[in-house]
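Examination of the molecular architecture
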Amino acid sequence: MNSPAKSPCCSGCEKTDGVQQRRGFFAKALAVVMGGAALAIPAAAGAVSFLNPLRQKGSAGKLLRLANLETLPEDGTPRKFPVVMDRTDAWSHFANEPVGAVFLRRTKDGVEALQVICPHAGCYVGFDEANKRFYCPCHQASFDLDGKRLDEKSPSPRDLDMLEVELRNKNEVWVKYETFRTGTPQKVADA
Ligand code: FES
C-alpha cells in the first residue's frame, strides 16, 4: 500500500526547507569554485616550468669565489676564469656544471670583471694579447681593456657587461655572476 505523501507541517516549515536547500546549493558551488582555483594555480605554474625546461633556478646573481688575487697578472692583463655552479631546470639538477666564464683583471682600483658573452648575439669574446683588446670572432666587434667598444660602427649594441666584484679576506676575488639580454643597448639582466 502506498504511504501518503508527506506534506510540510506548516507554510513556515516549507519556506525554511527552501532556504536550506538554496544554502546547500551555494555552499557546494563555492566549494567547487575554490577547489578549481586551488588546482589551477599549481597546474599553471607546472605548465610554465614544463614548457620551458631550460629555465634555470638559482643560477643568476650569485656571488662566486672565482680566483685569488695573486693569480691575476700585475700589469692588468685579463685572465679568463670558468664559472661552475649547480644548475636546476624543470627536470633535473646538475652539480658543478660549467655555465660560463668571466675575464678578471687588476686595475689601479682593485679588480674588474667582464662577462665573456658578446652583447651582440651571444658569442664568447676572446682576448687578443698582441693588440690588448677583446674581440668577438662572430662579427668582429672589438672592445678595449675596460670593455668599451672600439669601433663606432660596432655590431655590438653596448659595451661588454661589467660584473660586480668583492675582494674578501684581502685576496679572494668574488664575482656576482649574471648574464644579460643580448641585442639590446640597455644592460638587462636575464630573469
Ligand atoms: Fe659578437 Fe656578433 S656576436 S659581434
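So, here's what we can say about the structure. (Residues numbered from 1 in each chain as written. Predicted model: local features only at pLDDT ≥ 70, side-chain atom pairs only at ≥ 80, totals over all residues. Heavy atoms only, no water.)

Focus on the overall build of the chain
Secondary structure summary: the chain contains 1 helix and 10 strands in total. From first element to last, N terminus to C terminus, the chain shows the α and β order α-β-β-β-β-β-β-β-β-β-β. Within the chain, the fraction of its 191 residues that count as buried is 29%. For the chain, the accessible surface area stands at approximately 12600 Å², while carbon and sulfur atoms represent 56% of it. (Helix = DSSP H or I, 4+ residues; strand = E, 2+ residues; numbered from the N terminus. Buried < 20%, exposed > 50% of the residue type's maximum accessible area, 1.4 Å probe, protein only. Areas by Shrake-Rupley, 256 points an atom, 1.4 Å probe, with all protein chains shown as cover.)

Observations concerning the environment of Glu97
If you trace the backbone, Glu97 turns up in strand β3 (residues 93–107). Its relative accessible area of 23% is what places Glu97 among the partly exposed residues. Put simply, Glu97 and Val84 are 13 residues apart on the chain and 5.2 Å apart in space, counted from C-alpha to C-alpha.

Here we look at the sheet that holds strand β2 (residues 79–88)
Spatially, the 4 strands line up as an open sheet ordered β2-β3-β4-β8, and their pairing is antiparallel. At either end of the open sheet lies a strand with only one pairing partner, and these are β2 and β8 (162–163). (Pairing = 2+ DSSP bridges.)

Some remarks on the environment of Ser156
Counting through the fold element by element, Ser156 comes out in the loop between β7 (142–143) and β8. For the pair formed by Ser156 and Gly122, sequence separation is 34 residues and the distance between their alpha carbons is 9.9 Å. With residues up to four places along the chain from it excluded, the contact list for Ser156 reads Pro119, His120, Ala141, Phe143 and Arg149. Of the polar contacts made by the side chain of Ser156, one reaches the backbone oxygen of Arg158; its length is 2.6 Å. (Contact = heavy atoms within 4.5 Å. Polar contact = N/O pair within 3.5 Å; in protein donor to acceptor, adjacent residues only side chain to side chain.)

Some details on the packing of aromatic side chains
Per the counting criterion, the structure on display carries 2 aromatic pairs. An angle of 55° between the planes, with centres 4.8 Å apart, marks the rings of Phe103 and Phe134 as tilted. Linking Phe103 in strand β3 with Phe134 in strand β6 (residues 133–135), this pair joins segments that are 31 residues apart in sequence. The class of Phe103 is buried, set by a relative accessible area of 5%. In this structure an aromatic cluster arises from ring pairing among Phe103, Phe127 and Phe134. The ring of Trp174 carries Arg168 above its face, with NZ or CZ at 4.2 Å from the centroid. Between Lys187 and the ring centre of Phe180, over which it is positioned, the NZ or CZ distance is 4.9 Å. (Phe/Tyr/Trp six-rings, centres within 6.5 Å; stacked < 30°, edge-to-face > 60°. Lys NZ or Arg CZ within 6 Å of the ring centre and 35° of its normal.)

A look at unusual backbone geometry
Trans is the prevailing form of peptide bonds, just as negative phi is the prevailing case for residues other than glycine. Despite not being glycine, Lys132 shows a phi value in the positive range, around 50°. Inspection of the secondary structure puts Lys132 in the loop between β5 (126–128) and β6. For Gln140, which is not glycine, the phi dihedral falls at a positive 65°. Residue placement: Gln140 occurs in the loop between β6 and β7.

Section: the state of the cysteines
Considering all chains together, one arrives at 1 disulfide under this definition. Bridging Cys123 to Cys138, the disulfide has an S-S length of 1.9 Å. On the sign convention where negative means left-handed, the S-S torsion of about -95° between Cys123 and Cys138 marks this disulfide as left-handed. Of the two residues, Cys123 is situated in the loop between β4 (110–115) and β5 and Cys138 in the loop between β6 and β7; the sequence distance between them amounts to 15 residues. (Disulfide = S-S within 2.5 Å.)

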